[in-house]
Amino acid sequence: MIRTVESPPPVSAPVLAAYSYCETVTGQQARNFAYGIRLLPTAKRRAMSALYAFSRRVDDIGDGALDGEVKSARLEDTRALLTRVRAGGVEEDDTDPVAVALAHAAKAFPIPLAGLDELIDGVLMDVRGETYETWDDLKTYCRCVAGAIGRLSLGVFGTEPGARGGDRAPEYADTLGLALQLTNILRDVREDASGGRTYLPADDLAKFGCSAGFDGPQPPEGSDFAGLVHFEVRRARALFAEGYRLLPLLDRRSGACVAAMAGIYRRLLDRIERDPEAVLRGRVSLPGREKAYVAVRGLSGLDTRHVSRLAGRRQI
């Protein structure tokens, strides 16, 4: 008996152009993210670029120089566009390429678009200038701006049929998003402070004598800044350890994508741990060759096998 393989339906020229636009945005503005998604098959890579381009639009509104009321209005306009996407109201010839690509991706994959509503909610928290007293408070914000992205991505990746513990995949994806966001917060401490934002919990800042903030290349006088950074690094590592349990639940290339993106941020965390004050002097980053190594390691499945072995030991 000859088995036939169904090909995916062809993608129209307007939709291909919309995806191309989103992939260009992703390549130019999210190099860490781009290193991961290039490991995906074409359809998944395109869908992930559409998610990124929409998310980038939301972030750019929040980070821009407009008045807070104008930002809030534009974010609500973006939410209205998302509602139109969800209702199937975006045609292929729409003039907004991000909307066209996202609408096509949402038809091709079971993407929980409500996660993008959560992202908008999180950016509105930024616009309002909210601060966070405790880690539980900060987690709420991180779940909106990063945990939701993890769950959205899982809609594209899917889980392996019959994967043990597959029902917990959204939880792991959410936790991995928190780990990435906390790493981002540590890396961008100085940049955020210059923009008048403080994300680290006030309780933690007070505990380590850092309540005065980070307005220069040196830690606050008399503070234990290294102690603060190491405390948050340990918290991030625990989140990574839990979130990495997602890897064995994914197919090989989706797992490679996640391992590559998360691996880049784990290496950033290593650098921050070794030299905490580096985040006050400038933006900590990885050279391209190291990112490429992380991508190759992800594609080889080393991280997935390591997590699987650890999971097996827990069950013994």
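All values derive from a computational prediction rather than experimental measurement.

## Comments concerning the overall build of the protein chain
Thinking step 1. Each helix and strand counted, the protein chain has 15 helices and zero strands in total.
Thinking step 2. Here the C-alpha atoms of the protein chain give a radius of gyration of 20 Å, agreeing with the 20 Å that 2.2 N^0.38 yields for 316 residues.
Thinking step 3. Counting only residues that meet the buried cut, the protein chain has 48% of its 316 residues in that class.
Thinking step 4. Restricting to contacts in the protein chain with at least 6 residues of sequence separation, those with at least 24 account for 73%.
Thinking step 5. Total accessible area on the protein chain is roughly 15500 Å²; 51% of this is exposed by carbon and sulfur atoms.

## Here we look at the environment of Asp204
Thinking step 1. Assignment of secondary structure puts Asp204 in helix α10 (residues 202-207).
Thinking step 2. A relative accessible area of 5% means that Asp204 is categorised as buried.
Thinking step 3. Each C-alpha atom, one on Asp204 and one on Ala108, is 43 Å from the other, the two residues being 96 residues apart in sequence.
Thinking step 4. Excluding anything up to four places from it in sequence, Asp204 contacts Leu228, Phe231, Glu232 and Arg235.
Thinking step 5. Reaching out from Asp204, the side chain makes a polar contact with the side chain of Arg235 at a distance of 2.9 Å.

## Some thoughts on the packing of helix α7 (residues 135-157) against helix α8 (residues 169-187)
Thinking step 1. Running from amino to carboxyl end, α7 crosses α8 at an angle of 120°, the nearest separation of the two axes being 7 Å. Regarding the angle of α7 to α8, the classification is oblique. Classified by chirality, the crossing of α8 by α7 is right-handed.

## A few points about the packing of aromatic side chains
Thinking step 1. Tallied over the full model, the rule gives six aromatic pairs.
Thinking step 2. Judged by centre distance (5.2 Å) and plane angle (25°), the rings of Tyr141 and Tyr199 are stacked. Taken together, the residues Tyr141 in helix α7 and Tyr199 in the loop between α9 (189-194) and α10 connect sequence positions 58 residues apart. For the pair Tyr141 and Tyr199, one class covers both residues: buried.
Thinking step 3. Pairing Phe240 with Tyr244 gives two aromatic rings, centres 6.3 Å apart and planes at 75°, and the pair type is edge-to-face.
Thinking step 4. The exposure class assigned to Tyr244 is buried, which follows from its relative accessible area of 5%.
Thinking step 5. The structure contains a cluster of three or more aromatic residues connected by ring pairs, namely Tyr132, Tyr141 and Tyr199.
Thinking step 6. Sitting over the face of the ring of Tyr244, Arg266 holds its NZ or CZ atom 4.8 Å from the ring centroid.

## So, helix α6 (residues 114-127)
Thinking step 1. For α6, built from 14 residues, the straight-helix expectation of 20 Å at 1.5 Å per residue is met to within 8% by its first-to-last C-alpha distance of 20 Å.
Thinking step 2. The buried fraction of α6 amounts to 10 of the 14 residues, a majority that puts the element mostly inside the structure.
Thinking step 3. Restricting attention to buried positions, one finds in α6 the residues Gly115, Leu116, Asp117, Leu119, Ile120, Gly122, Val123, Leu124, Met125 and Asp126.
Thinking step 4. On the buried face of α6, the contacting elements are α3 (42-63), α4 (68-86), α5 (97-108) and α7.
Thinking step 5. Positive phi appears at Gly129, one or two residues downstream of α6, with a value of about 75°.

## Re α4
Thinking step 1. The first and last C-alpha atoms of α4 sit 27 Å apart over 19 residues, in line with the 27 Å expected at 1.5 Å per residue.
Thinking step 2. For α4, the set of buried residues is Lys71, Leu75, Thr78, Arg79, Leu81, Leu82 and Val85. Each buried residue of α4 lies within a common arc of 155° when the element is viewed along its axis, so the set occupies one face. Residues of α4 that are exposed and point over 90 degrees away from its buried face: Glu69 and Asp77.
Thinking step 3. Against the buried residues of α4 lie α3, α5 and α6.
Thinking step 4. Once α4 ends, the next one or two residues include Gly88, with phi positive near 75°.

## Some remarks on the pattern of salt bridges
Thinking step 1. A complete count under the given rule lists 27 salt bridges for this structure.
Thinking step 2. Here Arg168 makes a salt bridge to Glu242, at a shortest N to O gap of 3.8 Å. Taken as a pair, Arg168 in the loop between α7 and α8 and Glu242 in helix α11 (residues 225-243) lie far apart in primary sequence, 74 residues in all.
Thinking step 3. Accessibility expressed as a relative area gives 33% for Arg168, which makes it partly exposed.
Thinking step 4. For Arg283, the salt bridge is made with Glu191, and the minimal N-O distance between the two is 3.2 Å. Pair noted here: Arg283 is in the loop between α13 (278-281) and α14 (288-300) and Glu191 is in helix α9, with a separation of 92 residues, a long-range link.
Thinking step 5. Judged by relative accessible area, Glu191 falls into the partly exposed class, the value being 48%.
Thinking step 6. Look at the salt bridges and you will find they share partners, linking Glu76, Arg79, Arg86, Asp117 and Asp121 into a network.

## Remarks on the packing of α4 against α5
Thinking step 1. One can describe the packing of α4 onto α5 by two numbers: an axis separation of 9 Å at closest approach and a directional angle of 40°. By the angle between their directions, the pair α4 and α5 is classed as oblique. Read as a crossing pair, α4 and α5 show a hand that is right-handed. Taken together, the residues of α5 that come into contact with α4 (itself represented by Leu81, Leu82 and Val85) are Ala99, Leu102 and Ala103.

Basis of the calculations
Residues numbered from 1 in each chain as written. Predicted model: local features only at pLDDT ≥ 70, side-chain atom pairs only at ≥ 80, totals over all residues. Heavy atoms only, no water. Helix = DSSP H or I, 4+ residues; strand = E, 2+ residues; numbered from the N terminus. Rg over C-alpha atoms; globule rule 2.2 N^0.38 Å. Buried < 20%, exposed > 50% of the residue type's maximum accessible area, 1.4 Å probe, protein only. Contact = heavy atoms within 4.5 Å. Areas by Shrake-Rupley, 256 points an atom, 1.4 Å probe, with all protein chains shown as cover. Polar contact = N/O pair within 3.5 Å; in protein donor to acceptor, adjacent residues only side chain to side chain. Axes fitted to C-alpha atoms, helices over the stretch in contact; angles between N-to-C directions. Parallel < 35°, antiparallel > 145°, perpendicular 65-115°, else oblique. Left-handed = near helix turned anticlockwise from the far one by under 90°. Phe/Tyr/Trp six-rings, centres within 6.5 Å; stacked < 30°, edge-to-face > 60°. Lys NZ or Arg CZ within 6 Å of the ring centre and 35° of its normal. Expected span 1.5 Å × (residues − 1). Arc of directions from axis to C-beta. Salt bridge = Lys/Arg side-chain N within 4 Å of Asp/Glu carboxyl O.

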